[in-house]
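Spelled out, the chains give:
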Amino acid sequence: MAISRGDSVRCKRPESFWYNEVGQVASVDTSEPTPKYPITVRFEKVNYNVYSGQDGGSVANNFAANELEQS
């Protein structure tokens, strides 16, 4: 089953800040040639940039389909 916009997914990329967190798919890039990380996922939790003195922080990142698990 393919991942599509609006699906809830769990991040399975071990080095990611959001490892094992559930997020919602914001977009899926289907352009040719297919990008390495075509799936944009938004999370509730803001990443560590907000705590390191930088302005803001990120709540989204791009992933490959094999790094995500539908939940």
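Cut-offs used in this document
Residues numbered from 1 in each chain as written. Predicted model: local features only at pLDDT ≥ 70, side-chain atom pairs only at ≥ 80, totals over all residues. Heavy atoms only, no water. Core = buried A, V, L, I, M, F, W, Y, C linked by side-chain atoms within 4.5 Å. Buried < 20%, exposed > 50% of the residue type's maximum accessible area, 1.4 Å probe, protein only. Helix = DSSP H or I, 4+ residues; strand = E, 2+ residues; numbered from the N terminus. Contact = heavy atoms within 4.5 Å. pLDDT = per-residue confidence, 0-100. Phe/Tyr/Trp six-rings, centres within 6.5 Å; stacked < 30°, edge-to-face > 60°.

## Brief notes about the nonpolar core
Core analysis: the largest hydrophobic core is formed by 10 residues, namely Ile3, Val9, Cys11, Trp18, Val25, Ile39, Val41, Phe43, Phe63 and Leu68. Breaking this core down by element, the ones donating at least two residues are β1 (8-11) and β3 (39-42). In this structure Trp18 touches Cys11, Phe43, Lys45, Asn47, Ser58, Val59, Ala60 and Asn61, once residues within four positions along its chain are discounted.

## Let's talk about the confidence of the model for the protein
Overall, the prediction assigns the protein a mean pLDDT of 90, with 89% of residues at 70 or greater. Confidence, expressed as mean pLDDT per element, reaches its minimum in the protein at strand β4 (residues 60-63) with 95 and its maximum at β1 with 98.

## Quick notes on the packing of aromatic side chains
Taken as a whole and assessed by the stated rule, the structure comprises 3 aromatic pairs. Considering the side-chain rings of Phe17 and Trp18, the 5.6 Å spacing of their centres and the 90° angle between planes classify their relative orientation as edge-to-face. With relative accessibility at 28%, the residue Phe17 sits in the partly exposed group. Ring geometry for Phe43 versus Phe63: centroids 6.1 Å apart, planes at 80°, classification edge-to-face. Placement of the pair is Phe43 in the loop between β3 and β4 and Phe63 in strand β4, with a sequence separation of 20 residues. Relative accessible area serves as the criterion here: at 7%, Phe43 is assigned to the buried category.

## Concerning unusual backbone geometry
Residue Pro33 is bonded to the preceding Glu32 through a cis peptide linkage, with omega at -10°. The backbone phi angle of Asn20 is positive, close to 65°, even though this residue is not glycine. The topology assignment puts Asn20 in the loop between β1 and β2 (22-28).

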